Each structure stands twice: as structure tokens, then as C-alpha cells.
Amino acid sequence: MGLGNYATRQLAPAFKETHHCKLTGVVSGDPAKAKRWSDEHGFAPENIYDYENFDSIAKNPDIDVVYIVLPNSMHLEFIERSAAAGKHVICEKPMTVTAEESRRAIKACRAAGVQLSVGYRLHFDPNYRALMLARGTAPSGQVRYVQADMAFPMGNPNQWRLRKALAGGGAMYDVGVYCTQSARFFVGEEPIAVTAQEIKTDPVKFAEVDETIMFQLEFPGGATANCTTSYGFRSNSVHVDYQKGWGSLQPAHNYGPIQGVLHNQPLEPRKFSQQALQMDDFVRCIREGVESEVSGLEGLKDALVVDAVYQSIANGSRRTLIESV
Ligand code: NAD
């Protein structure tokens, strides 16, 4: 659903590398584009939907899962409509634009008896996972500190990512969630407090949304994280400090190969489709009736941090407590 950049350049090719998934239909507002997808992927033109007739997908047995790849503020509506149609859902990040919306999304899917997951592809990348798996084992021990950055210079000033009504917010929503993910994933706990700062160098381009946000997280076991996200410059890295030794990734959050070092040993740069692994794993979860590691709950946990980041900035407070799930 939504045949934009990510769907076209990443997900469509990834389908060809999956073992358990097949593209059997699309939802698009552009009939000519949808027809091209049907020709290229070999599904019936009857399996093309638009945003108005989408609900009739409920009657289509060819379609088990809807993958939502729309602007952020549209996610909740289509999670709820997909669930009402009895379809499992993968929703792109950020799952919703507030924690309250995430709770509604989870509730709708539970009520309909369908599974909800978020497009957190990095959980399926072995090099990204390696730094998490080292935690709690010799020689690493527990994680004491995580630094996570994800930033890129925003180009086209007319895109939806700069409109609050469609994007929800700026860099924090779009790529800041890679930092919340990394901090939570590598520490292995839920943060209890956040302190955040905002910097805006271009108030015209970023009139509606945030440009640069830095935030620090405090975890109950004593670990801390320091995160930076921006639409003003490029940065894409992770550093994890364990009780003994450290690991680092750069690039850390892109489509791969994710590269880095763990305890002075280089991680072998391996290139494969993170998205194919992510989609196949969701099929496994549906078949086995188990909750995905990247279920809607992960989306909610990140949304709670994002909400608290904005509260900390709005209140000018040094420390904002994060609501628990
Ligand atoms: P995009 O602008 O390239 O595509 C968005 C699609 O939504 C377009 O096909 C557009 O026609 C459609 N659309 C429907 N209604 C619209 C409306 N009212 N306004 C604007 N577009 C509308 O965006 P994208 O980069 O593909 O991002 C889509 C989603 O995927 C976002 O939530 C984004 O955060 C996420 N994403 C995830 C990753 C990842 O690595 N997991 C990477 C890129 C994007």
C-alpha cells in the first residue's frame, strides 16, 4: 500500500528474495502505476485497490498481509482498516505519530485477531544483531552506554516529510526512531527518562517540523544512551560500550552492508535483503501463531520515547519520565 520510493526501490526487489512471500496485489491512488506493478509482478489486475475501495480487500483470499508504506500520519487509519478487513499488517516506521495512536493500532489488530508488525528491518541484519547478542555474554557483560546517530541532509523542500500534518514531526519521527531502536535494542531494557534538546538552523525549510534533535536516555539498570538525529547533516553510526570492551557500527542503520567492529574484530560486511528476511520472519510468526520480535508493541515503545522527547523539548525540562507500556 503506497507505491513510493521505499516500496519501489526496496520492498519490490526484496519480494524476489523471500521464500514465503509473494506480491499478490497493490493499493495505489495511481491506476497507471498500479497496472505497471501488476504487469511486472504478475498479479491479477483485479487485485489492484485504491484508498476508497480498499475495504473490499476483505473478500480477497489472495491477500493475507497488507504492507503499509504511506506517509506517517496515514498509518493508523490503514492499520485499522486492514485489521477490520481481517488482514495481518506490516506497517512502516514510525508505526504511528503518537503513543496514543499506537495503542489504538494494537487494540484494533488484537480485536480483529490479526498480527501487527513494524518494518524494523535491522533486527534481521546479522551484523546489527551481533552487538546485541554480545550483551550478557563473556567477555562483554552488560551494556553501559550506547551512542546512536541517524541523520541526512533533507533535499526537496516540497515533500510530505516537511509537512507536520503528513509526517507528524521531522527528523525525530523519520530517522530518530533508528536511534530509539538502537538504544533500546542494545541495552535490552526500556528507558525510564529522557532529556532532549532541539537545534534549528533553517527555520524556513523546517517551519513545521524539527531539523535536529539530540536526546539522552536513562535505563533502569544504569545504562545511558546519547542520540542525535537530523535533517541538516549526515551521520549514521552506533557505539556500544560493554562492561568489558566495545563494538561499533558505521554505517549502522542503512540497507547494508552494515559494517563495524566487535571486540577489535571486524564484522564481515555481508549484503543481503534485510527486508526479505523481515517479511519471511513475519510469515513464520503468522504460521506459528507467535508474536513478531518487531510487533506493534515495539512501535508503541518507540512512540513513548518520541512523545517524551517532544515533551522534554516543549517543557525545557532536563528530564522527562517516559510513560510505561
Ligand atoms: P514516498 O513519498 O516515496 O512514498 C509515499 C507513497 O504514499 C507515494 O506512493 C504516495 O503517492 C502515497 N501517498 C498516498 N497518499 C498520500 C498523501 N496524501 N500524500 C503523500 N503521499 C501519499 O515515501 P517513502 O520514502 O516511500 O516513505 C513511506 C513510508 O515508509 C514512511 O512511513 C517512511 O518512514 C517509511 N520508510 C521506511 C524505510 C525503512 O528503511 N524501513 C525507508 C524509507 C521509508
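Analysis parameters
Residues numbered from 1 in each chain as written. Predicted model: local features only at pLDDT ≥ 70, side-chain atom pairs only at ≥ 80, totals over all residues. Heavy atoms only, no water. Core = buried A, V, L, I, M, F, W, Y, C linked by side-chain atoms within 4.5 Å. Buried < 20%, exposed > 50% of the residue type's maximum accessible area, 1.4 Å probe, protein only. Domains from an automatic or database assignment. Contact = heavy atoms within 4.5 Å. Helix = DSSP H or I, 4+ residues; strand = E, 2+ residues; numbered from the N terminus. Polar contact = N/O pair within 3.5 Å; in protein donor to acceptor, adjacent residues only side chain to side chain. Near = heavy atom within 4 Å. Areas by Shrake-Rupley, 256 points an atom, 1.4 Å probe, with all protein chains shown as cover. Salt bridge = Lys/Arg side-chain N within 4 Å of Asp/Glu carboxyl O. Phe/Tyr/Trp six-rings, centres within 6.5 Å; stacked < 30°, edge-to-face > 60°.

Ile-68, Ile-79, Leu-131, Phe-186, Phe-215, Leu-217 and Leu-249 are the most contacted members of the largest nonpolar core, which totals 80 residues. Both domain 1 (5–121) and domain 2 (123–269 + 294–320) contribute no fewer than three residues apiece to this core. Ignoring any residue separated from it by four or fewer positions in sequence, one finds Ile-68 in contact with Met-1, His-75, Phe-78, Ile-79, Ser-82, Val-89, Ile-90, Cys-91 and Glu-92. Listed in part, the 20 residues of the second largest apolar core include Tyr-6, Leu-23, Tyr-67 and Met-279.

All right, on to helix H5 (residues 126–133) then. Restricting attention to buried positions, one finds in H5 the residues Asn-127, Tyr-128, Ala-130, Leu-131 and Met-132. Those residues of H5 hidden inside the fold are in contact with helix H8 (176–187), strand S10 (235–242), strand S11 (246–249), strand S12 (260–262) and strand S13 (265–267). Two or three places before Asn-127, at the opening of H5, Asp-125 has a side-chain oxygen 2.9 Å from that residue's backbone nitrogen.

Let us now look at the site of the ligand. In the vicinity of the ligand there are 23 residues, among which Asn-5, Asn-72, Lys-93, Arg-121 and Trp-160 approach most closely. Here an oxygen atom of the ligand sits 3.0 Å away from a polar atom, N or O, in the main chain of Gly-4. At 2.7 Å from an oxygen atom of the ligand is found a main-chain nitrogen or oxygen belonging to Lys-93. In the complex, 77% of the free accessible area of the ligand, which totals 840 Å², lies under the protein chains.

The next thing to look at is the pattern of salt bridges. Taken as a whole and assessed by the stated rule, the structure comprises 19 salt bridges. A salt bridge links Glu-218 to Arg-319; its shortest N-O distance comes to 3.0 Å. Here Glu-218 is found in strand S8 (residues 212–218), whereas its partner Arg-319 is found in the loop between helix H10 (296–315) and strand S14 (320–321), with 101 residues between them in sequence. One salt bridge connects Asp-281 with Arg-284, and the closest N-O pair in it is separated by 2.9 Å. Taken as a pair, Asp-281 and Arg-284 lie in helix H9 (residues 274–288) at a separation of three residues, close to a single helical turn.

A separate point is the packing of aromatic side chains. Inspection of the entire model under this criterion finds nine aromatic pairs. With centroids separated by 5.9 Å and ring planes inclined at 70 degrees, the aromatic side chains of Phe-54 and Phe-78 adopt a geometry described as edge-to-face. One end of the pair, Phe-54, is in the loop between strand S2 (48–49) and strand S3 (65–68); the other, Phe-78, is in helix H3 (residues 75–84), with 24 residues separating them in the sequence. Judged by relative accessible area, Phe-54 falls into the buried class, the value being 0%. A relative accessible area of 2% means that Phe-78 is categorised as buried.

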